[in-house]
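# Observations on chain architecture
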Amino acid sequence: MDLGVRWRLHGDGRTPAPGAVVRPDERLSWPRTFGLGAQHVVAMFGASFVAPVLMGLDPNLAIMMSGVATVIFLLATRGRVPSYLGCSLSFVGVAAVIRAQGGSSATVTGAVLVVGAALFLVGLAVQRFGARIIHAAMPPIVTGAVVMLIGFNLAPVTASTYWPQDQWTALCVMLFTGLAVVCLRGFWSRVAIFLGLIFGYAFSWLLDTVFGRIHSADGSGQVTDHWRLDLSGVGHADWIGLPSFHGPSFEWSAILVALPVVIALVAENAGHVKAVGEMTGDNLDDRLGTAISADGAASVLSTAVGGPPNTTYSENIGVMAATRVYSTAAYWAAAAFALLFGLCPKFGAVVAAIPGGVLGGITVILYGMIGLLGAQIWINAKVDLRNPLNLVPAAAGIIIGVGNVSLKFTDNFSLSGIALGTIVVITGYHVLRAFAPAHLKSQEPLLDSGTSSYDEQEATR
C-alpha cells in the first residue's frame, strides 16, 4: 500500500532550479527538509498557540496533538495533499460561549469532539456523492454568513476579557501586529501573529521594569495589582514531561453551540485543497472528501485526550507559496518537531504566560480577520447581496449571532448566538428559496471557494 512516505530527490537536493517546484512526492536533502519542517512549525506558532490558550486548553498538548494530527492527515491523503494541521481559530468563539455558560474544559472538548465526528461524516459523504453536495447544502451566501457570525461573535471576548487587562499594551500590540501583517513580505508576513506575541512579551516586560505592577483586571477578572508578564510558572515547569490529559464530557447545550463550526471547517478545508491543487498543478478534487474526513478523524483523536481540534492551516500554504517546496517530507519533519515541543512543559509554560493585554491586541485583529473571511467567501463567489433571497437570511443570522440573541424553549433549553444564527441562515435560505419567485433564483449557483470545476456530464445532471 502506498502511504506517500517515499520521496524522490529533487535535482541535486540543494536548490530548486529557477521556476521549478518541489512536488509532494519529492524532497530536498534531509538537512534542508528538516529546516523547512522547522519553518512550518514556526509559521503556525502564532495562531496554533494562541487558539488553545484562548480556549483554556493545555498549549503543550495542543502542539503535540497537532503533530499527531498532521501524521494522520498525510497518511490518509497518501501524501498527495501537503498540509500541516493545527488548532483552528474557528473554535475559539464556541469555547468562549461554552465557558460563559459554566462549561469546563471537558465540556469544551466534548462538544468539539462531536464537531470532529460530524466533519468526518461530511467527508465520507463528499467521497460518496462528490464535492457538489457541499454547494447544494451550503452555498456561498450561507457559508460566508456563518463564518462571519462566528468571527464577529468573539468581539465581546476581546472587549470585556483581554483588552481591559492592559489597554495600552493591547493598543501597541495591535498596531505592531497590523504593521507586520501589512508591511512585511514573504515568510515574515505569514508569522506576523508570532512576531506580535514576541513584541508583546518584550513590551510587557519593559513596562513592568519601568512602571512596576499594573492595577487592572487579571485573567480571572479581579482588579488587583499584578505583573503584566508573570513567568513564575516557567521556573517551576519541567524541561521534559507529558502534557496534561483529560477526557471529554458531553452536554447537548454545548454541542449545539459548537456544531455550526462544521460549516466553517468545510469551507476552510475545501479552500486549502483547491489552493494546493492550483499551486502544484494537480487536480485534487478526488482528495477533498478524504481531506475533510482526515481533519475530522484527527480532531476526534485530539479532543478525546483533552486537546483542541485540528484542521488544515493557511499559514503553511503561505510558506509553500513562498518557497515553492510542496514536499510532504517537510511536513513529516514538522510533525516530529511538534511532538518534541509537546514533550517540553517549560515551553508550554512560556506560551501559557502570554499577558492578557498582548492577547487583547492580537485578538482585535485575529477575530476581525476570521469574520471578514466570510465576506471574502462572498466576494470570491460573486454573491449578489441585492437579491433579497441572499440578503434576508444572511442579515438576520449575522445579527442574531453577533448580538447573541437567544430563543428560549424551556427552562432548561434555549438556542442563542452562533447556534441560533447558523440555524436561521441555513433554514432561512432554503425555505425562502423554496417559496421565492423564479426571477430571484435565476442566477446559477457558483462553486464554493475550494471546489474546482466539475466534469461536464456531472454538472448537467
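As the structure is a computational prediction, the values presented were derived from the model and not from experiment.

What counts, and at which threshold
Residues numbered from 1 in each chain as written. Predicted model: local features only at pLDDT ≥ 70, side-chain atom pairs only at ≥ 80, totals over all residues. Heavy atoms only, no water. Helix = DSSP H or I, 4+ residues; strand = E, 2+ residues; numbered from the N terminus. Buried < 20%, exposed > 50% of the residue type's maximum accessible area, 1.4 Å probe, protein only. Contact = heavy atoms within 4.5 Å. Areas by Shrake-Rupley, 256 points an atom, 1.4 Å probe, with all protein chains shown as cover. Phe/Tyr/Trp six-rings, centres within 6.5 Å; stacked < 30°, edge-to-face > 60°. Core = buried A, V, L, I, M, F, W, Y, C linked by side-chain atoms within 4.5 Å. Domains from an automatic or database assignment. Salt bridge = Lys/Arg side-chain N within 4 Å of Asp/Glu carboxyl O. Axes fitted to C-alpha atoms, helices over the stretch in contact; angles between N-to-C directions. Parallel < 35°, antiparallel > 145°, perpendicular 65-115°, else oblique. Left-handed = near helix turned anticlockwise from the far one by under 90°. Nonpolar A, V, L, I, M, F, W, Y, C, P; charged D, E, K, R; others polar. Expected span 1.5 Å × (residues − 1). Arc of directions from axis to C-beta. Polar contact = N/O pair within 3.5 Å; in protein donor to acceptor, adjacent residues only side chain to side chain. pLDDT = per-residue confidence, 0-100.

### Digging into the overall build of the chain
- Within the chain, the regular secondary structure consists of 21 helices and 8 strands.
- Each of the 461 residues in the chain was classed as buried or not, and the buried ones make up 52%.
- In the chain, once contacts between residues fewer than 6 apart in sequence are set aside, the share between residues at least 24 apart is 79%.
- For the chain, the computed accessible surface area is about 20,000 Å², with 65% contributed by carbon and sulfur atoms.

### Thoughts on the packing of aromatic side chains
- A full pass over the atoms with the stated rule returns 5 aromatic pairs.
- A centroid spacing of 4.3 Å and a plane angle of 5 degrees characterise the contact between F176 and F199, whose relative ring orientation is stacked. With F176 in helix α8 (residues 167-183) and F199 in helix α10 (residues 192-211), this pair connects stretches of sequence that are 23 residues apart.
- For F176, a relative accessible area of 31% puts it in the partly exposed group.
- Between the aromatic rings of F199 and F203, the centroid separation amounts to 5.6 Å while the plane-to-plane angle is 10 degrees, which identifies the pairing as stacked. You can see F199 and its partner F203 sitting in helix α10, 4 residues apart, about one turn around the helix.
- Overall, F199 belongs to the partly exposed group, its relative accessible area being 24%.

### Focus on the environment of V364
- Here V364 is to be found in helix α18 (residues 356-381).
- Distance in space between the C-alpha atoms of V364 and Y162 is 9.6 Å, their sequence separation being 202 residues.
- Sequence-distant contacts of V364, that is, excluding residues within four places in its chain, are made with T158, W163 and M174.

### Here's the deal with the nonpolar core
- Core analysis: the biggest nonpolar cluster contains 95 residues, and M55, F91, V92, L288, Y367 and W378 have the highest contact counts within it.
- Each of domain 1 (28-148 + 240-356) and domain 2 (384-444) contributes no fewer than three residues to this core.
- In this structure F91 touches M55, V112, V115, V261, L265 and P309, once residues within four positions along its chain are discounted.
- Formed by 5 residues, the second largest nonpolar core is a distinct cluster that contains V22, L36, V325 and A330.

### Let's talk about the pattern of salt bridges
- The final tally for this structure, using the stated rule, is 5 salt bridges.
- Note that D25 and R8 form a salt bridge whose closest N and O atoms lie 2.9 Å from each other. In this pair, D25 sits in the loop between β1 (8-9) and β2 (26-27) while R8 sits in strand β1, placing the two residues 17 residues apart along the sequence.
- Residue classification places R8 among the partly exposed positions, given a relative accessible area of 46%.
- Here R228 and D208 are joined by a salt bridge, their closest N and O atoms 3.0 Å apart. Residue R228 is found in the loop between β5 (223-226) and α11 (232-236), and its partner D208 is found in helix α10; the two are separated by 20 residues along the sequence. Across this residue pair, the class does not change: R228 and D208 are buried.
- Here the salt bridges do not stand alone but share partners, grouping R8, D25 and E26 into one network.

### A few points about unusual backbone geometry
- A positive phi angle, near 55 degrees, is found at R78, a position not held by glycine.
- With respect to the helices and strands, R78 occurs in the loop between α2 (59-76) and β3 (85-87).
- A positive phi angle, close to 55 degrees, is found at K382, a residue other than glycine.
- Note on placement: K382 falls in the loop between α18 and α19 (388-403).

### Some points on the packing of helix α6 (residues 140-152) against helix α20 (residues 417-435)
- Put simply, α6 and α20 touch, their axes get as near as 10 Å, and they point 165 degrees apart. Between α6 and α20, the interaxial angle falls into the category roughly antiparallel. For the pair α6 and α20, the sense of crossing is right-handed. The segment α6 lies against α20, with I141, V142, A145, V146, L149 and I150 engaging I418, G421, T422, V425, I426 and Y429.
- Looking at side-chain class alone, the contact of α6 with α20 contains 10 nonpolar, 2 polar and no charged residues.

### Points about α19
- Taking 1.5 Å per residue as the helical rise, α19 with its 16 residues ought to reach 22 Å, and the 22 Å between its terminal C-alpha atoms agrees with that figure.
- Buried within α19 are the following residues: L389, N390, P393, A394, G397, I398, I400 and G401. Taken around the axis of α19, the buried residues stretch over an arc of 165 degrees, which confines them to a single face. Facing away from the buried surface of α19 by more than 90 degrees, the exposed residues are I399 and G403.
- The inward-facing, buried residues of α19 abut α6, α18 and α20.
- The N-capping residue of α19, defined by a side-chain oxygen 2.9 Å from the backbone nitrogen of L389, is N387.
- Immediately downstream of α19, the backbone of N404 shows phi near 55 degrees, a positive value.

### Observations regarding the confidence of the model for the chain
- Averaged over all residues, the pLDDT of the chain is 80; the fraction at 70 or higher stands at 87%.
- Across residues 444-461 the pLDDT falls below 50, and counting only partners more than four positions away or on other chains, this stretch makes 33 contacts in the model.

### So, helix α7 (residues 155-162)
- Along α7, the residues classified as buried are V157, T158 and Y162. Projected onto a plane normal to the axis of α7, the buried residues spread over an arc of 95 degrees and lie on a single side. Opposite the packed face of α7, turned more than 90 degrees from it, sit the exposed residues A159 and S160.

### A word on the packing of helix α4 (residues 105-129) against helix α14 (residues 288-304)
- At a closest axis distance of 7 Å, the pairing of α4 and α14 adopts a crossing angle of 160 degrees. Classified by the angle between their axes, α4 and α14 sit roughly antiparallel to one another. For α4 against α14, the interelement crossing comes out left-handed. Within the contact between the two elements, α4 uses T109, V112, L113, G116, A117, L119, F120, V122, G123, L124, V126 and Q127 and α14 uses L288, G289, T290, I292, S293, D295, G296, A297, S299, V300, T303 and A304.
- Of the residues contributing to the contact of α4 with α14, the split by class is 13 nonpolar, 10 polar and 1 charged.

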